[in-house]
Amino acid sequence: MAWRRLVITLAVLLPLIGILAYGFMRDPRYINSPLIGQQAAPFTVTLFDGKKLSLDDLRGKTVFLNFWASWCPPCRAEARDLEAAWQRVKNSDVVFLGVDIQDTEEDARAYLREFDVTYPNGRDLTGKVAVDYGVWGIPETFFIDPQGRITYKHVGSLGTPLITAKLEEARAGIVSAKEGKGSYQTVR
Amino acid sequence: MLNFKLKIRNLKFIILPFLVQLFSVLPLAVAAQPPDLEAQARQIAAELRCPVCQNLSAGDSPSELAQQMKGIILEQLKEGKSADEIKAYFVSKYGEWVLLSPPARGFGLLVWVLPYVVAVAGIVLVLLVVRRWTGKKGRQEPSAADPALLARIKREAAIEAPAPPERESGSPRAELLQEQARLYADLRELDFDYRAGKLSETDYQDLRNTLETEAVLVLKKIETTPARRAATAPQASEGQPSIEKKTAQTQASARPGWQLAAGGAFLLLFGITVGVLLTKSVRPRGSDQDSITGDFLTGTGPGGMAGGAGMAGMGASSSRDLPALLAQGRAAYEKQELPKAIQAFKDALALDPNQPEAHTYMGLILAQAGHADGALMAFDRALSANPKFPLALWGKGMLLYQGKQDFAGARATLQSLIEIMPAGEEKNQIQKTLVEINEASKGRKEGPKKAKAEAAAPPAQPGAQPQGQQIRGTITVDPKLKSKLDGKAVLFIVVYQAGSTGGAPLAVKKIDKPVFPLPYSLGSESVMMAGMPFSGKVTVSVRLDKDGNAMTKGPGDLTGERNGPVEVGAQKVDIVLDRAM
């Protein structure tokens with residue numbers, strides 16, 4: 001009788017503690033993306049040099065799509081690495097594209113000057129592109145393979161080794177099972 | 001059984017109206033859509049979660065992203081899309097998470113059903129408990145079932161019985177005996193009051209019946225409750241029935257203690273779990289105005305709503321321990337106790353992730369360890385928190401100049417440092433460095449093409465040969481050590497500049513799961529500090545590391561080295577792994 005009571009008590013309380021533990025452990029801001037392995041949503045942005053760039057024009061190339069803002073410290077932290085990575089791959093079939101969100105043009109231009117960013121960058125004025133990619137914490141980076149499929153998503157700063165490795169995978173069309181996470185800043 | 005069925009039927013009458021009420025408040029599908037698109041957009045936004053807030057709908061949130069979402073909803077409505085299509089669009093981007101009310105299927109169904117199930121179960125439980133309580137009382141109704149017992153009670157109550165033996169105190173039986181004595185005393189008192197004319201006949205009979213019934217129950221219980229072993233003999237001599245001897249004594253008397261211990265242990269476990277989880281999830285206050293949960297619950301950054309009060313001020317607003325941690329880190333850094341310093345600054349960053357001083361010192365430590373890129377990132381973090389933090393400007397400037405040979409960047413950084421520095425010896429030093437940088441950059445303009453080409457060399461394309469000079473050779477394992485090979489070990493080829501005594505290696509190459517004999521080649525792509533030339537005389541050593549961590553040497557690692565320095569570009573630099581650690 002006594003052990004039965006104990007078993008019932010445990011059967012009721014342990015799942016409750018489990019749920020409590022799960023609730024405490026997970027990052028309540030984190031949103032798992034359903035986009036990995038899916039076709040990347042098409043968009044067109046006006047670049048800072050005035051030209052227009054459409055994702056469809058980049059079909060056949062591996063695309064490194066990075067969402068950023070000048071007010072975001074983790075974006076600043078990775079900016080130099082991104083430019084260095086771009087310098088290494090710019091002569092190959094890889095295209096880097098930065099999309100500035102929730103920012104003023106003046107601040108964004110200052111940021112690009114400060115970090116000597118040379119790869120194409122544009123602004124998402126309405127937030128449509130950001131929402132199309134489910135952006136919520138920046139920097140947020142999408143690796144898109146030559147067929148236009150998202151192979152990997154990373155929320156937060158990327159390190160050089162990861163950029164290199166994931167570009168290789170995207171080039172080969174290998175889809176990552178999970179998205180990556182670094183230090184990020186929630187968007188406004 | 002019939003009684004129970006009746007009770008269940010009664011339960012239905014209590015629960016059904018409750019359920020009807022509960023389900024009536026369920027958000028039902030949007031039945032009527034107002035023709036006004038704005039209102040329609042608001043309604044859809046109210047059903048979508050704001051991705052950057054905590055428990056706010058996109059309709060309620062003032063955040064920029066939520067405003068943009070509302071814009072997109074309106075736009076899609078204008079395109080003629082239905083509410084369901086628009087919601088499906090957001091679900092396809094953010095997952096079902098974005099719906100404030102999860103769909104009533106799959107796992108989401110649980111969220112809909114579970115609260116009601118739990119509520120109903122709770123009500124049933126309460127009713128069952130209440131039924132048991134009232135049932136107990138019901139059994140105490142006068143019953144003439146056992147006239148022999150009643151006669152015994154009348155007889156025993158009339159004489160004052162001695163108190164229950166002390167050695168039994170605390171046992172369930174002793175409690176029952178005490179209860180029995182109390183009831184007998186009450187009965188005597190009742191008789192006394194009645195005789196004294198304080199009670200009416202009916203009251204007396206009622207009260208007497210109640211007390212007698214209780215006494216019958218107690219007597220019955222006493223008969224079935226075993227006495228403790230030590231107390232058995234006196235009990236028997238008192239002429240008590242001997243049924244109790246037959247009952248399993250130890251089991252029954254051990255049960256309450258056992259249950260108490262289990263309950264206590266469980267409460268302790270629960271307390272510890274909650275305590276540990278709470279301390280993990282709640283971060284320390286950034287300031288007195290800050291809420292302890294901060295971004296965790298409200299989506300605001302450290303410093304609470306005051307987070308936007310300026311990045312530069314972030315260094316000042318911090319918890320009580322922060323200055324102490326920083327001082328501790330500084331002291332350790334000055335004594336070059338780097339692990340201690342790293343720990344202190346890491347702790348400081350856990351309290352305030354944007355603390356510029358902690359980032360700066362981390363940068364200095366990283367630069368010292370030869371991790372130029374990590375150091376630059378740390379300096380940039382410090383500067384993004386406080387763009388005029390002198391130590392970070394200095395560290396970044398010097399690193400760009402000496403480590404990265406980025407003269408323009410170094411000049412710009414040090415220039416902005418000079419602008420904020422007071423005149424003095426330190427300022428003169430930096431001005432001198434600036435002059436050096438200018439000269440160095442002039443020197444580079446004349447003959448730097450080679451260096452620049454190397455720095456900006458494209459990375460190794462798959463299949464393409466790395467450029468620049470290489471060291472090549474084959475790594476083999478001493479036959480005596482073959483048994484110690486670990487299939488999961490990682491091989492590190494470490495190159496030091498000849499004559500260097502410790503410090504950071506010039507280049508390191510990591511090879512996972514090597515197969516021996518292993519031909520290798522190592523070139524400028526493996527140089528640790530970007531920009532350092534891979535040339536001249538070097539020493540080469542290899543380590544087969546069991547745990548794969550380049551920083552630690554442990555037992556089971558195999559090592560070997562090339563005797564004497566070699567020139568970069570040398571071929572056949574063969575190395576034998578011939579020592580086990």
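Coordinates for the structure precede this section.
A brief structural summary. These figures come from a predicted structure and were not determined experimentally. (Residues numbered from 1 in each chain as written. Chains lettered and ligands numbered in written order. Predicted model: local features only at pLDDT ≥ 70, side-chain atom pairs only at ≥ 80, totals over all residues. Heavy atoms only, no water.)

### Describing the sheet that holds strand β2 (residues 52-54) of chain A
In a beta sheet, neighbouring strands are held together by backbone hydrogen bonds and run either parallel or antiparallel to one another.
Residue and element names in this part refer to chain A.
Part 1 of the reasoning: Across the sheet, which stays open at both edges, the eight strands sit in the order β2-β1-β5-β4-β3-β7-β8-β9 with mixed pairing between neighbours. Each edge of the open sheet is held by one strand with a lone partner, namely β2 and β9 (180-181).
Part 2 of the reasoning: Sheet analysis places strand β1 (residues 44-47) next to strand β5 (residues 121-124), joined by two bridges and oriented antiparallel. When the bridges of β5 are listed, T46 appears paired with R123.
Part 3 of the reasoning: Helix α2 (residues 73-89) rests against β3 (62-68), β4 (94-101) and β7 (140-144) of the sheet, and its axis sits at about 155° to β4.
Part 4 of the reasoning: The sheet contacts of helix α3 (residues 105-114) involve β3, β4 and β5, and relative to β3 the element is tilted by about 125°. (Pairing = 2+ DSSP bridges. Helix = DSSP H or I, 4+ residues; strand = E, 2+ residues; numbered from the N terminus. Contact = heavy atoms within 4.5 Å. Axes fitted to C-alpha atoms, helices over the stretch in contact; angles between N-to-C directions.)

### Thoughts on empty space enclosed by the protein
Residues and elements named next belong to chain A.
Part 1 of the reasoning: By the definition in use, this model includes four cavities of 30 Å³ or more.
Part 2 of the reasoning: As a volume, the largest cavity reaches approximately 60 Å³.
Part 3 of the reasoning: Together, N66, W68, C75, E78, A79, L82, Y111, L112, V117, Y119, N121 and P139 line the largest cavity.
Part 4 of the reasoning: For the lining of the largest cavity, the elements supplying multiple residues, two or more each, are β3, α2 and α3. (1 Å grid on protein atoms, 1.4 Å probe; cavity = no way out; pocket = protein on both sides within 12 Å on 5 of 7 lines; lining within 4 Å. Points joined across faces, edges and corners; volume = space filled by probe spheres on them.)

### Digging into unusual backbone geometry
Part 1 of the reasoning: P139 of chain A follows I138 of chain A through a cis peptide bond whose omega is 0°.
Part 2 of the reasoning: Within the secondary structure, P139 of chain A is located in the loop between β6 (137-138) and β7.
Part 3 of the reasoning: Here the amide bond leading from F516 of chain B into P517 of chain B is cis, since omega sits at -5°, within 30 degrees of zero.
Part 4 of the reasoning: Assignment of secondary structure puts P517 of chain B in the loop between β3 (507-512) and β4 (518-522).
Part 5 of the reasoning: With a phi close to 50°, D116 of chain A is a non-glycine residue in the positive phi region.
Part 6 of the reasoning: Assignment of secondary structure puts D116 of chain A in the loop between α3 and β5.
Part 7 of the reasoning: When its relative accessible area of 54% is taken as the criterion, D116 of chain A is described as exposed. (Buried < 20%, exposed > 50% of the residue type's maximum accessible area, 1.4 Å probe, protein only.)

### So, the state of the cysteines
Part 1 of the reasoning: One pass over the structure, following the stated rule, counts two disulfides over all chains.
Part 2 of the reasoning: In this model, C72 of chain A is linked to C75 of chain A through a disulfide, with the two sulfur atoms separated by 2.1 Å. Across the disulfide from C72 of chain A to C75 of chain A, rotation about the S-S bond amounts to roughly 90°, and the bridge is consequently right-handed.
Part 3 of the reasoning: Since its relative accessible area comes to 0%, C72 of chain A is described here as buried.
Part 4 of the reasoning: Residue classification places C75 of chain A among the buried positions, given a relative accessible area of 1%.
Part 5 of the reasoning: Covalently, C50 of chain B is tied to C53 of chain B through a disulfide, its sulfur atoms 2.2 Å apart. Judged by the torsion about the S-S bond (60°), the C50 of chain B/C53 of chain B disulfide is right-handed. (Disulfide = S-S within 2.5 Å.)

### Describing the pattern of salt bridges
Part 1 of the reasoning: What the rule picks out here adds up to 28 salt bridges over all chains.
Part 2 of the reasoning: With a closest N to O distance of 2.7 Å, K87 of chain B and E47 of chain B form a salt bridge. Taken together, the residues K87 of chain B in helix α4 (residues 83-94) and E47 of chain B in the loop between α2 (37-46) and α3 (64-78) connect sequence positions 40 residues apart.
Part 3 of the reasoning: Among the ionic pairs, E567 of chain B bridges to K537 of chain B, the shortest N-O distance being 3.7 Å. Linking E567 of chain B in strand β7 (residues 566-567) with K537 of chain B in strand β5 (residues 537-545), this pair joins segments that are 30 residues apart in sequence.
Part 4 of the reasoning: Judged by relative accessible area, E567 of chain B falls into the partly exposed class, the value being 41%.
Part 5 of the reasoning: Overall, K537 of chain B belongs to the partly exposed group, its relative accessible area being 47%.
Part 6 of the reasoning: Each member of the salt-bridge network shares a partner with another, and the members are D100, E105, R109 and R123 of chain A. (Salt bridge = Lys/Arg side-chain N within 4 Å of Asp/Glu carboxyl O.)

### Let's talk about the packing of helix α6 (residues 147-158) of chain B against helix α7 (residues 172-195) of chain B
All names here are of chain B.
Part 1 of the reasoning: At a minimum axis distance of 9 Å, the contact between α6 and α7 shows a crossing angle of 80°. When the interaxial angle is binned, α6 and α7 end up roughly perpendicular. From α6, R152, I153, E156, A157 and A158 reach across to α7, where they touch Q180, Y184, L187 and R188.
Part 2 of the reasoning: Here the residues of the contact of α6 with α7 sort into five nonpolar, one polar and three charged. (Parallel < 35°, antiparallel > 145°, perpendicular 65-115°, else oblique. Nonpolar A, V, L, I, M, F, W, Y, C, P; charged D, E, K, R; others polar.)

### Structural notes on the layout of surface pockets
Part 1 of the reasoning: Taken as a whole, the second largest pocket encloses approximately 1,100 Å³ of empty space.
Part 2 of the reasoning: What lines the second largest pocket is a set of 24 residues, among which Y22 and R26 of chain A together with R49, F107 and V111 of chain B lie closest to the centre.
Part 3 of the reasoning: Of all elements in the fold, only α1 (2-25) of chain A together with α5 (107-139) and α12 (295-298) of chain B reach the threshold of two or more residues within the lining of the second largest pocket.
Part 4 of the reasoning: Residue contributions to the lining of the second largest pocket peak at five residues, all from α5 of chain B.
Part 5 of the reasoning: For the lining of the second largest pocket, the residue count by class is 15 nonpolar, five polar and four charged.

### Quick word on the packing of aromatic side chains
Part 1 of the reasoning: A full pass over the atoms with the stated rule returns 17 aromatic pairs over all chains.
Part 2 of the reasoning: Ring plane angle 20° and centroid distance 4.2 Å describe the contact between F64 of chain A and F96 of chain A, whose orientation is recorded as stacked. Here F64 of chain A, found in strand β3, pairs with F96 of chain A, found in strand β4; they are 32 residues apart in sequence, far enough to count as distant.
Part 3 of the reasoning: An aromatic cluster is defined as three or more aromatic residues linked by ring pairs; in this entry it consists of F64, W86, F96, Y119, F143 and Y152 of chain A.
Part 4 of the reasoning: Its end group placed over the ring of Y152 of chain A, K166 of chain A keeps NZ or CZ at 4.3 Å from the ring centre.
Part 5 of the reasoning: Of note, R49 of chain B hangs over the ring of W97 of chain B, and the distance from its end group to the ring centre comes to 4.8 Å. (Phe/Tyr/Trp six-rings, centres within 6.5 Å; stacked < 30°, edge-to-face > 60°. Lys NZ or Arg CZ within 6 Å of the ring centre and 35° of its normal.)

### Overview of the pairing of β4 of chain A
Residue and element names in this part refer to chain A.
Part 1 of the reasoning: In terms of burial, β4 is a largely internal element, eight of the eight residues being buried.
Part 2 of the reasoning: Residues V94, F96, G98 and D100 of β4 are buried on one face, and the alternating residues V95, L97, V99 and I101, pointing to the opposite face, are buried as well.
Part 3 of the reasoning: In this structure, β3 lies alongside β4, joined through seven bridges in parallel fashion. Of the residues in β4, the one forming a bridge with T62 is V94.
Part 4 of the reasoning: Note that β4 and β5 share four bridges and pair parallel. Each residue of the ladder has a partner; that of I101, found in β5, is D124.

### A word on the interface of chain A and chain B
Part 1 of the reasoning: Facing 49 residues of chain A, the contacting portion of chain B comprises 44 residues.
Part 2 of the reasoning: Here chain A meets chain B over a buried area of about 4,100 Å², counting both sides, of which 64% is carbon and sulfur.
Part 3 of the reasoning: Taken together, chain A and chain B are joined by two salt bridges.
Part 4 of the reasoning: Across the contact surface, chain A and chain B share four residue pairs in polar contact (both at pLDDT 80 or more).
Part 5 of the reasoning: Of all the secondary structure elements, the ones that give two or more residues to the side of chain A that touches chain B are α1, α2, α4 (128-132) and α5 (160-172) of chain A.
Part 6 of the reasoning: Ranked by residue count, the leading element in the side of chain A that touches chain B is α1 of chain A, at 12 residues.
Part 7 of the reasoning: In terms of residue class, the side of chain A that touches chain B is built from 28 nonpolar, 10 polar and 11 charged. (Buried area = accessible area lost by both parts, 1.4 Å probe. Polar contact = N/O pair within 3.5 Å; in protein donor to acceptor, adjacent residues only side chain to side chain.)

Purely geometric numbers; function is a separate question.
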